[in-house]
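# Topology and contacts: notes
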Amino acid sequence: MKKLTLLLTLLTSTLSLADRIAIIGAMDSEIKILLSQMKNIEQEEKASVVFYKGKLENKDVVVFKSGIGKVNAAMSTTIAMEEYDVNKIIFTGVAGAINNNLNITDVVVSDYLVQHDYDTTVFGTKKGAVPGSVDAKFSADKNLINIAKNSAEKVLGKDKVYVGTIATGDQFIADKKTVQALESEFGAWAVEMEGAAVAHVANLYKTPVVVIRSMSDKADGSAHMNYNDFVNIAADNSAKIVINMLSQM
Ligand code: SAH
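Being a predicted model, the structure only gives us computed values, none of them experimental.

Counting its regular elements, the chain contains seven helices and 10 strands. Taken over C-alpha atoms, the radius of gyration comes to 18 Å for the chain, in line with the 18 Å a tight globule of 249 residues would show. Summarising its shape, the C-alpha atoms of the chain cover approximately 70 × 40 × 35 Å along the three principal directions. The 249 residues of the chain split such that 51% are buried. When contacts within the chain are restricted to residue pairs at least 6 apart in sequence, long-range pairs at least 24 apart make up 76% of them. Of the roughly 11900 Å² of accessible surface on the chain, a fraction of 53% belongs to carbon and sulfur atoms. Where the 26 positive side-chain charges of the chain centre and where its 29 negative ones centre are 7 Å apart.

Written as structure tokens, this is what we have:
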């Protein structure tokens, strides 16, 4: 009897150690390769978001399209945390390049994320900082950053991969002035519309997170045109990196 209890305890602790990784994209284009390679898919809709639970590279995952913007990202991530026993979060997608070193289709892996449109500075807080917190930036997980960087270098080559701050806001940025402001205010490398919201939720749940973004545009006056031309290539780049990451985890 004692042996059986011991065995059961061991078994349950081993089972609870197994990862379930949430993989999030904002748009269909960002998750399509992932869905096409998933096995044993069970799908469920909650609050208008379809969650695909199953196996990818033999790992337990839940993949979903959050929808665009911070509210969509935060709500769907919260549902994943509450309903799917998630213990790691990877966001995959496209972004506008801020840093001059970046070319379209290059990749930025987040070390930090900031909500660039969060502003209570009139009360003396830092731009981007949520009142009550000291830092404006949310940190990504060191281990996930390393795995993402290595995988990105394998998939795209070393000279196309950077690690840096990703800025998030409910705006599609398409002008040079804002690009310069995001760089000088936050040291941002890339700008998008979901990452810091996902990282905010992940940090509240004390769950490791990383955001991977391939550049669809340069967030300048031609951003909307470049975006249309490159969104699919960039989205695929990022998804391929995630698949490589899973094989290393
Ligand atoms: N074409 C879409 C809108 C895309 S919004 C439609 O109308 O359905 C841009 C998406 O790509 C967001 O999910 C955002 O995270 C990312 N993105 C790419 N370039 C961006 C930029 N320059 N500024 C902000 N977000 C950008």
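Moving on, we get to the nonpolar core. In globular proteins that are soluble, nonpolar side chains generally tend to be buried together. Ranked by size, the top nonpolar core spans 39 residues in total, and within it Phe51, Phe64, Val86 and Ile89 carry the most contacts. For phenylalanine 51, the contacting residues outside a window of four places in its chain are Glu42, Gln43, Glu44, Lys46, Val62, Val63, Phe64, Ser76, Ile79, Ala80 and Tyr84. Listed in part, the 29 residues of the second largest apolar core include Ile31, Ala140, Val242 and Met245.

Every one of the 18 residues lining the ligand counts as a neighbour, but Ile173, Met193, Glu194, Asp217 and Tyr227 are closest to it. Here arginine 213 contributes a side-chain N or O atom positioned 3.4 Å from an oxygen atom of the ligand. Within the contact set of the ligand, a nitrogen atom lies 2.7 Å away from a side-chain nitrogen or oxygen of aspartate 217. Protein burial of the ligand: of its 580 Å² of free accessible surface, 75% is covered by the chains.

Let us look at helix α2 (residues 28-37). Inspection of α2 places Ser29, Glu30, Ile31, Ile33 and Leu34 among the buried residues, and these make up the whole buried set. Close packing links the buried residues of α2 with β1 (21-25), β3 (49-56), β4 (59-65), β5 (88-97), β10 (209-217) and α7 (223-248).

This part is about the environment of asparagine 100. Its location among the elements puts asparagine 100 in the loop between β5 and β6 (107-115). Measuring from C-alpha to C-alpha, the distance between asparagine 100 and lysine 218 comes to 8.9 Å, with 118 residues separating the pair along the chain.

Counted residue by residue, strand β9 (residues 188-192) has five buried out of five residues, so it is predominantly covered. Judged from the four bridges that link them, strand β8 (residues 161-168) and β9 form a sheet pairing that is parallel. Counterpart to threonine 168 in the pairing with β9 is glutamate 192.

To continue, consider the packing of aromatic side chains. One pass over the full model with this rule turns up four aromatic pairs. For the ring pair phenylalanine 172 and tyrosine 227, a centre distance of 5.6 Å and an interplane angle of 85° mean the geometry is edge-to-face. Remark: tyrosine 227 occurs in helix α7 and phenylalanine 172 occurs in the loop between β8 and α5 (176-186); sequence separation between them is 55 residues. Through successive ring pairs, a cluster of aromatic residues spans Phe51, Phe64 and Tyr84.

At a closest axis distance of 8 Å, the pairing of helix α3 (residues 70-83) and helix α6 (residues 195-204) adopts a crossing angle of 35°. Pair α3 / α6 crosses with right-handed handedness. Touching Lys70, Ala73, Ala74, Thr77 and Thr78 of α3 are Ala197, Val198 and Val201, all from α6. Its residues assigned to classes, the contact of α3 with α6 shows five nonpolar, two polar and one charged.

Mapped onto the elements of the fold, serine 216 is located in strand β10. Ignoring any residue separated from it by four or fewer positions in sequence, one finds serine 216 in contact with Val94, Ala95, Ile104, Asn226, Tyr227, Phe230, Val231 and Ala234.

A positive phi angle, close to 50°, is found at asparagine 40, a residue other than glycine. The backbone of alanine 47 shows a phi angle near 50°, a positive value even though the residue is not glycine. Here alanine 47 is to be found in the loop between β2 (39-46) and β3. By relative accessible area, alanine 47 is classed as partly exposed at 48%.

This brings us to the packing of α2 against α7. Between α2 and α7, the least distance of the axes is 7 Å, while the angle of their chain directions is 45°. What the angle tells us is that α2 and α7 run oblique. For the element pair α2 and α7, the recorded crossing hand is right-handed. Judged by residue contacts, Ser29, Glu30, Lys32, Ile33, Leu34 and Gln37 of α2 engage Val231, Asn232, Ala235, Asp236, Ala239, Lys240, Val242 and Ile243 from α7. Taken together, the residues that form the contact of α2 with α7 break down as seven nonpolar, three polar and four charged.

Rules and cut-offs
- Residues numbered from 1 in each chain as written.
- Predicted model: local features only at pLDDT ≥ 70, side-chain atom pairs only at ≥ 80, totals over all residues.
- Heavy atoms only, no water.
- Helix = DSSP H or I, 4+ residues; strand = E, 2+ residues; numbered from the N terminus.
- Rg over C-alpha atoms; globule rule 2.2 N^0.38 Å.
- Buried < 20%, exposed > 50% of the residue type's maximum accessible area, 1.4 Å probe, protein only.
- Contact = heavy atoms within 4.5 Å.
- Areas by Shrake-Rupley, 256 points an atom, 1.4 Å probe, with all protein chains shown as cover.
- Lys, Arg positive; Asp, Glu negative; His and termini not counted.
- Charge placed at Lys NZ, Arg CZ, Asp CG, Glu CD.
- Core = buried A, V, L, I, M, F, W, Y, C linked by side-chain atoms within 4.5 Å.
- Near = heavy atom within 4 Å.
- Polar contact = N/O pair within 3.5 Å; in protein donor to acceptor, adjacent residues only side chain to side chain.
- Pairing = 2+ DSSP bridges.
- Phe/Tyr/Trp six-rings, centres within 6.5 Å; stacked < 30°, edge-to-face > 60°.
- Axes fitted to C-alpha atoms, helices over the stretch in contact; angles between N-to-C directions.
- Left-handed = near helix turned anticlockwise from the far one by under 90°.
- Nonpolar A, V, L, I, M, F, W, Y, C, P; charged D, E, K, R; others polar.
- Parallel < 35°, antiparallel > 145°, perpendicular 65-115°, else oblique.

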